[in-house]
Number of protein chains: 6
Amino acid sequence: MPYVNIKVTGGSEAPTVEQKQELIREVTQLLARVLNKNPATTFVIIEEVDMDNWGVGGESTTVRRQKAKAQQLT
Amino acid sequence: MPYVNIKVTGGSEAPTVEQKQELIREVTQLLARVLNKNPATTFVIIEEVDMDNWGVGGESTTVRRQKAKAQQLT
Amino acid sequence: MPYVNIKVTGGSEAPTVEQKQELIREVTQLLARVLNKNPATTFVIIEEVDMDNWGVGGESTTVRRQKAKAQQLT
Amino acid sequence: MPYVNIKVTGGSEAPTVEQKQELIREVTQLLARVLNKNPATTFVIIEEVDMDNWGVGGESTTVRRQKAKAQQLT
Amino acid sequence: MPYVNIKVTGGSEAPTVEQKQELIREVTQLLARVLNKNPATTFVIIEEVDMDNWGVGGESTTVRRQKAKAQQLT
Amino acid sequence: MPYVNIKVTGGSEAPTVEQKQELIREVTQLLARVLNKNPATTFVIIEEVDMDNWGVGGESTTVRRQKAKAQQLT
């Protein structure tokens, strides 16, 4: 009866439909295998978060990606 | 002071504005009636989840709906 | 296929087992009635939050309750 | 290693990119200062909720804003 | 940079420390393999929910387990 | 009308009552200052997560803390 919520960055980094199907299938199988949970009542919800709305290290992902790119160019 | 988060499938299955108003009103009344909670500080947040992003039984809702439809046609 | 998460204050304000059963039953019926959702795949998760850990108006619920009580005594 | 999720109303009330950067930076600094948490592993996720989907006092924010506006006109 | 939240029933059904380590390791590897996500910034949070607080089909898990048990005895 | 959910490690790393009051007060002020949000309808919920239940980099925080400690001893 597990509930799994997966948040990832969206926009240009959003997972494809196929990748989402793979995540849903494999997370469900993992919970069946490790915890013997029934797939019929396993929920997996994927949320795609705008890169301006996700911060790590005090900076949005948008800014982090720009800095990483700038560094590669130097 | 309750906080209620309701996730439902969106897209073609998304609730209408009227249905969302009804949900908000009735959930708030329910918490007032059962737990004596103050409506003024009861939050209800409805989230509409893309059918590709919601899995049950190891499959996305998109795939489940397609299978259910195919089965009805046979 | 809805997922409902209800957060309420716990500790001395925690709902009883009967109140929780009532909430689960009625929220599930509400979603079936308003949105035609299947109860078999409706999840309701109730979380009881410590009053020190829930803030409104910039103050914890513990402090708010103390102030409300003090005001009643004057 | 904190995880912070901030939900605010979106649409015409959505925060700007600059406001979101400020929130991310300041919440991260706050957790470093008060709890000595490492910014490098502090996640801040901002979610913008449609005003039809956020209820307080049994009414959606859309309805509340309309009533507040109507009251100002009288 | 994914964030994964896994809710499972707790109490007598709670996962062991080893099962939780396995879940954390495998979910992190899954996100690295399918979406090329960096494990260093992948968060996995497991929440154990009291069986009285988790409802499916309009009934708490406690009640569902009792009914399943009673049915096996007949 | 914001809703803020802060998850931090609990157990031996749990914030004190005073630290939680400070977090609640300052996050509420931050949202008032940056986004002009009304403190009266700002919710802050702090959740303390067991170190066995929080994974980063594919390992639980318990394991990470042990490794960090072992490294300091060598």
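All values derive from a computational prediction rather than experimental measurement.

Reading the values: rules and limits
- Residues numbered from 1 in each chain as written.
- Chains lettered and ligands numbered in written order.
- Predicted model: local features only at pLDDT ≥ 70, side-chain atom pairs only at ≥ 80, totals over all residues.
- Heavy atoms only, no water.
- Helix = DSSP H or I, 4+ residues; strand = E, 2+ residues; numbered from the N terminus.
- Rg over C-alpha atoms; globule rule 2.2 N^0.38 Å.
- Buried < 20%, exposed > 50% of the residue type's maximum accessible area, 1.4 Å probe, protein only.
- Areas by Shrake-Rupley, 256 points an atom, 1.4 Å probe, with all protein chains shown as cover.
- Lys, Arg positive; Asp, Glu negative; His and termini not counted.
- Charge placed at Lys NZ, Arg CZ, Asp CG, Glu CD.
- Pairing = 2+ DSSP bridges.
- Least-squares fit on C-alpha atoms with pLDDT ≥ 70 in both.
- Contact = heavy atoms within 4.5 Å.
- Buried area = accessible area lost by both parts, 1.4 Å probe.
- Salt bridge = Lys/Arg side-chain N within 4 Å of Asp/Glu carboxyl O.
- Polar contact = N/O pair within 3.5 Å; in protein donor to acceptor, adjacent residues only side chain to side chain.
- Nonpolar A, V, L, I, M, F, W, Y, C, P; charged D, E, K, R; others polar.
- UniProt positions renumbered as here; feature names shortened; annotations may be inferred.
- Right-handed = clockwise from strand over helix to strand, strands pointing away.

1. Some thoughts on the overall build of chain A
Consideration 1: Helices and strands together make up the secondary structure of chain A, namely two helices and four strands.
Consideration 2: Listing the helices and strands of chain A from first to last along the sequence gives β-α-β-β-β-α.
Consideration 3: In terms of C-alpha radius of gyration, chain A reaches 16 Å, well past the compact-globule figure of 11 Å for 74 residues.
Consideration 4: By principal-axis analysis of the C-alpha atoms, chain A measures approximately 50 × 25 × 20 Å.
Consideration 5: The buried share of chain A, reckoned over its 74 residues, is 53%.
Consideration 6: Taken as a whole, chain A presents about 3300 Å² of accessible surface, with 47% of it coming from carbon and sulfur.
Consideration 7: Distance between charge centres in chain A, computed from 9 positive and 9 negative side chains, equals 5 Å.

2. Let's talk about the sheet that holds strand β2 (residues 43–49) of chain F
The strands making up a sheet are joined through hydrogen bonds of the backbone, oriented either antiparallel or parallel.
Consideration 1: Taken together, eight strands build an open sheet; the order of strands is β4(A)-β3(A)-β2(D)-β1(D)-β1(F)-β2(F)-β3(C)-β4(C) and the sheet is mixed. Of all strands in the sheet, those with a lone pairing partner are β4 (59–60) of chain A together with β4 (59–60) of chain C, marking the two edges.
Consideration 2: Direction of pairing for strand β3 (residues 54–56) of chain A relative to β4 of chain A: antiparallel, over a ladder of two bridges. The partner of Val-56 of chain A across the bridge, within β4 of chain A, is Glu-59 of chain A.

3. Focus: the relation of the copies chain A and chain B
Each copy of the chain is related to the other by a rotation around an axis and a translation along that axis.
Consideration 1: Once chain A has been moved 0.0 Å along the axis and rotated by 120 degrees, it coincides with chain B to within an RMSD of 0.0 Å. In short, the pair behaves as if placed about a three-fold rotation axis. By C-alpha distance to the rotation axis, the residue of chain A lying nearest is Glu-47 of chain A, at 6.1 Å.
Consideration 2: Residue by residue, only 6% of the interface of chain A is reproduced at the interface of chain B, so the copies engage with different surfaces.

4. Looking at the relation of the copies chain E and chain A
Consideration 1: Turning chain E through 180 degrees and shifting it by 0.0 Å along the axis lays it on chain A, with an RMSD of 0.0 Å. Interpreted geometrically, this transformation is the action of a two-fold axis. Residue Asn-5 of chain E, judged by its C-alpha, is the member of chain E lying nearest the rotation axis, at 2.5 Å.
Consideration 2: Looking at chain E, 100% of its interface residues are interface residues in chain A too, so the copies touch through the same face.

5. Digging into the interface of chain E and chain A
Consideration 1: Contact residues are listed per partner, giving 27 residues for chain E and 27 residues for chain A.
Consideration 2: Taken together, the two surfaces of chain E and chain A that pack against each other cover about 2300 Å², and 70% of this comes from carbon and sulfur.
Consideration 3: Applying the counting criterion to the chain E and chain A interface returns four salt bridges.
Consideration 4: A salt bridge links Arg-33 of chain A to Glu-22 of chain E; its shortest N-O distance comes to 3.5 Å.
Consideration 5: Across the contact surface, chain E and chain A share 10 residue pairs in polar contact (both at pLDDT 80 or more).
Consideration 6: Within the residue set of the side of chain E that touches chain A, elements represented by two or more residues are β1 (3–9), α1 (17–35), β3 (54–56) and α2 (61–73) of chain E.
Consideration 7: If you tally residues by element for the side of chain E that touches chain A, the top one is α1 of chain E, at 10 residues.
Consideration 8: Split by residue class, the side of chain E that touches chain A holds 15 nonpolar, four polar and eight charged.
Consideration 9: Of the strand pairs in this sheet, strand β1 (residues 3–9) of chain A and β1 of chain E are connected by five bridges, and their pairing is antiparallel.

6. Topic: the sheet that holds β3 of chain E
Consideration 1: Taken together, the eight strands give an open sheet; going across it, the order is β4(D)-β3(D)-β2(B)-β1(B)-β1(C)-β2(C)-β3(E)-β4(E), and neighbouring strands pair in mixed fashion. Of all strands in the sheet, those bounded by a partner on one side alone are β4 (59–60) of chain D together with β4 (59–60) of chain E.
Consideration 2: Relative to strand β2 (residues 43–49) of chain B, strand β1 (residues 3–9) of chain B runs parallel, the two being bridged by seven bridges. Bridging across to β2 of chain B, Val-8 of chain B finds its partner in Glu-48 of chain B.

7. Some details on the interface of chain A and chain B
How big an interface is tends to be stated in terms of the accessible area lost upon association of its parts.
Consideration 1: Contact residues are listed per partner, giving 16 residues for chain A and 13 residues for chain B.
Consideration 2: Run the count over chain A and chain B and you get one salt bridge.
Consideration 3: In this structure, Glu-47 of chain A and Lys-7 of chain B form a salt bridge, with 3.3 Å as the shortest nitrogen-oxygen distance.
Consideration 4: At the junction of chain A with chain B, the criterion picks out six residue pairs in polar contact (both at pLDDT 80 or more).
Consideration 5: Only α1 (17–35) and β2 (43–49) of chain A provide two or more residues apiece to the side of chain A that touches chain B.
Consideration 6: Grouping the amino acids of the side of chain A that touches chain B by side-chain chemistry returns nine nonpolar, three polar and four charged.
Consideration 7: Relative to strand β3 (residues 54–56) of chain B, β2 of chain A runs antiparallel, the two sharing three bridges. Opposite Phe-43 of chain A, over in β3 of chain B, you have Val-56 of chain B as the bridge partner.

8. A short note on the UniProt feature "domain: 4-oxalocrotonate tautomerase-like" (unreviewed entry) in chain A
Consideration 1: Per the UniProt entry, the sites bearing "domain: 4-oxalocrotonate tautomerase-like" (unreviewed entry) are residues 2–63 of chain A in this numbering.
Consideration 2: End C-alpha to end C-alpha, residues 2–63 of chain A measures 35 Å, and it is 35% helix and 31% strand.

9. Considerations on the environment of Ala-70 of chain B
Consideration 1: Along the chain, Ala-70 of chain B turns up in helix α2 (residues 61–73).
Consideration 2: Sequence-wise, Ala-70 of chain B and Thr-16 of chain B are 54 residues apart; in three dimensions their C-alpha atoms are separated by 27 Å.

10. Topic: the pairing of β2 of chain B
Consideration 1: Among the seven residues in β2 of chain B, six count as buried, and that is most of the element.
Consideration 2: As for the winding sense of the linkage, the β-α-β connection from β1 of chain B through helix α1 (residues 17–35) of chain B to β2 of chain B is right-handed.

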